[in-house]
Every structure is written in C-alpha cells, then in structure tokens.
Amino acid sequence: MADSVREKLKIIHDPKRPTIDDYIQAMVDDFVELHGDRAFGEDHAVCAGVGSLAGLPVTIIGNRKGKTAEENMAANFGMAHPEGYRKALRLAHQAEKFHRPVICLVDTTGAFPGVGAEERGQGEAIARCLYDFMALRTPVVSVITGEGNSGGAIALAVADRVLMLENALYSVISPRGCASILWKDASREIEAAERLKITAQDLFGFGMIEGIIPETPNLLKNVKKALVYTLRELSAVQDVDEMLAKRYEKFRKIGVFQEINQR
C-alpha cells in the first residue's frame, strides 16, 4: 500500500493499471457490451453490458480508460458525456426489470465539462442517475478502482455497498479542481488531496465506504472475490423495501456530525 497521496496518484496514473476491460475479461463470463442511450448516441467513455459473475447474471457499468494515448482519446479519458450516464441508467433499469444485480466500476477524473455536454443536459443526466439509483429495486455494488472525482463518479456510486481499491481516491471534487478554486493554483493538487481526506483508508474510517480491496499481485482476483462475497450477502436480503431503506439511510448519514460545547 502506498503511504502518501502523491504515491497513490502515481499508482493510479500508471498506464499498466487495470482498466474496466481488464476487470471484465478476468471476472465476467459471456460478456455482451450494449451501446447507446436511445436518445442521442453512443459514449465510449462508459462501458455497459451484461454477463455472468461466478454463475450469477449481472449488469456491469463503468468508466472506460485506455492504456495508450489513442485509446484514451477514443474513450475521452474516461470523462463521460450525458449520453454515457443515460446509457448507464438505461442498463440499470434493464437490470432492475430482469432482477440482475448491478456492478459499477468507477474510475474518472469527472464528467466531461464541454459545451456540447452542457447543452445536452450533463447536470440533469448526473442528477437523474443519483435519483434513480437510490430507488433501483435490485442490489447495486460500486467499486472505486482509481480516481473517483466529482459528480461524474458519484453518479455511479449510489450503491448498497461502496468498495475501494486500497490506492484509489474518491472525492466530491478532483484535487486539481479543488486547488484551482481554493488557491487559484492547480499545482497544489497534492496539498488539496491531503486536506480533503479522500483515500480509501480515510473514507473507510469515516464510514463512507464498506470495504477496502487489497492491491496485491492478484488484484483482479481480489476484486472478483470481494464482488462475489458482497453480492451473495446482498442477495440474502429477501425484502427489497428493506434493502432500499438501508440504502437510503446509508447516504442520509453522510455528513452528519455532532457539535461539542468546548467552553
């Protein structure tokens, strides 16, 4: 495990780090990728499809990054457009209809902030994901595999269980964006990341995530093992309304604090 945020960022940005395609190839049998949001078009920054995980039919949704400059450009460096989030939501509702659990693999610097994305309703698409995933009547597990920044990541992390790889980071804003706003100096992103307390270890301590997946040489097997265990645990809950109530309460607790009179 890397000790500092700087080391974690270096590991996260390593071109050899597994992408969603690696996870799917290692974990999922008979995967079929589905395309399009049925409204505007296809977004290559979001991979979504169906397959089988340890014999259990599942829907997989996640941010796609590449290992070369060309692959990253084709996937817009994992920064989704609104049609990517609408595709994700289309697949999530399909999973709900056929009683398939949803697995989200999150790795993005944030949603794409371009003019076209804003014109096509980027904010609304993210908000709709937050709203609908909260009430999705099927188990949802999200794994932060690298960077989980801003609303672009949170849109795919409204889940019954949120897990993180031990070197992953998860925040409401990217460290670089935070430094740019707070100090008008993007070069202070490491300082911003340290102050934000966005490591897996920090967030597990705060109770914001349910588990940390160790990054050993068997990383892909570790992720699969964690997902299988978590989905079996969630599948044991027979009452869907009970599951939804727990999901809602889990997120309502975030940010709750108690003031202590120190006079």
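The shown structure was predicted, so the numbers you read here are calculated from the model rather than taken from an experiment.

S.K.: Explain the pairing of strand β3 (residues 56-63) here, please?
M.R.: The two faces of the sheet receive side chains in turn, since in a regular strand these alternate between them. Taken across its eight residues, β3 has six buried, putting it largely inside the fold. In the sheet, strand β2 (residues 46-53) pairs with β3 via eight bridges, with the strands oriented antiparallel. Following the sheet pairing, G51 is matched in β3 by V58. Hairpin connection of β2 to β3: two residues between the antiparallel strands, including A54 at a positive phi of 50°. As paired elements, β3 and strand β4 (residues 102-108) share four bridges and run parallel to each other. Along β4, the bridge assignment pairs I60 with I103.

S.K.: For this particular structure, what's the right way to read the packing of helix α4 (residues 82-97) against helix α6 (residues 122-134)?
M.R.: Each pair of packed helices can be described by the angle between their axes along with the distance between the axes. Between α4 and α6, the least distance of the axes is 8 Å, while the angle of their chain directions is 20°. Here α4 is positioned roughly parallel relative to α6, judged by the angle of their axes. For the element pair α4 and α6, the recorded crossing hand is left-handed. Where α4 approaches α6, its residues P82, Y85, R86, L89, A92 and H93 are matched on the opposing element by Q122, E124, A125, I126, R128, C129, D132 and F133. Of the residues assigned to the contact of α4 with α6, the class counts are eight nonpolar, two polar and four charged.

S.K.: When you look at the pattern of salt bridges in this model, what are you seeing that I'm missing?
M.R.: Within this structure, the stated rule accounts for 19 salt bridges. In this structure, the salt-bridge partner of E215 is R17, at a minimum N-O distance of 3.0 Å. Here E215 is found in the loop between β8 (211-213) and α11 (219-235), whereas its partner R17 is found in the loop between α1 (5-12) and α2 (20-27), with 198 residues between them in sequence. The salt bridge partner of K65 is D107, with a shortest N-O separation of 3.1 Å.

S.K.: Got a minute to help me understand the packing of aromatic side chains in this structure?
M.R.: For any two aromatic rings, the description comes down to two numbers: the centre-to-centre distance and the angle of the planes. If you walk through the whole model with that rule in mind, you get zero aromatic pairs. The residue whose ring lies beneath R120 is F40, and the NZ or CZ to ring-centre distance is 4.4 Å. Directly above the aromatic system of F251 lies the positively charged group of K250, at a separation of 5.0 Å from the ring centroid.

S.K.: How do you make sense of the packing of α2 against α11 when you look at a structure like this?
M.R.: Between α2 and α11, whose axes approach to 10 Å, the crossing angle comes to 70°. Considering the angle they form, α2 stands roughly perpendicular to α11. The hand of the α2/α11 crossing is right-handed. Residue-level inspection shows D22, Y23, A26 and M27 of α2 in contact with α11, the latter providing L219, L220, V223, K224 and L227. Of the residues contributing to the contact of α2 with α11, the split by class is seven nonpolar, no polar and two charged.

S.K.: Would you mind showing me how to read the nonpolar core here?
M.R.: Soluble globular proteins tend to bury their nonpolar side chains together. By size, the foremost hydrophobic cluster in this structure holds 58 residues, and its most contacted members are I61, Y85 and F133. Once residues lying within four places of it in the same chain are set aside, the contact partners of F133 are I61, L89, A92, V102, C104, V140, A155, V158 and R247. Of all hydrophobic cores here, the second largest spans seven residues; its members include V5, L9, I190 and I198.

S.K.: What exactly am I supposed to notice about unusual backbone geometry here?
M.R.: Trans is the prevailing form of peptide bonds, just as negative phi is the prevailing case for residues other than glycine. Of note, the phi angle at N76 is positive, near 55°, even though the residue is not glycine. Take N76: it is sitting in the loop between α3 (69-74) and α4. Despite not being glycine, H99 shows a phi value in the positive range, around 60°. Structurally, H99 can be placed in the loop between α4 and β4.

Parameters and conventions
Residues numbered from 1 in each chain as written. Predicted model: local features only at pLDDT ≥ 70, side-chain atom pairs only at ≥ 80, totals over all residues. Heavy atoms only, no water. Buried < 20%, exposed > 50% of the residue type's maximum accessible area, 1.4 Å probe, protein only. Helix = DSSP H or I, 4+ residues; strand = E, 2+ residues; numbered from the N terminus. Pairing = 2+ DSSP bridges. Axes fitted to C-alpha atoms, helices over the stretch in contact; angles between N-to-C directions. Parallel < 35°, antiparallel > 145°, perpendicular 65-115°, else oblique. Left-handed = near helix turned anticlockwise from the far one by under 90°. Contact = heavy atoms within 4.5 Å. Nonpolar A, V, L, I, M, F, W, Y, C, P; charged D, E, K, R; others polar. Salt bridge = Lys/Arg side-chain N within 4 Å of Asp/Glu carboxyl O. Phe/Tyr/Trp six-rings, centres within 6.5 Å; stacked < 30°, edge-to-face > 60°. Lys NZ or Arg CZ within 6 Å of the ring centre and 35° of its normal. Core = buried A, V, L, I, M, F, W, Y, C linked by side-chain atoms within 4.5 Å.

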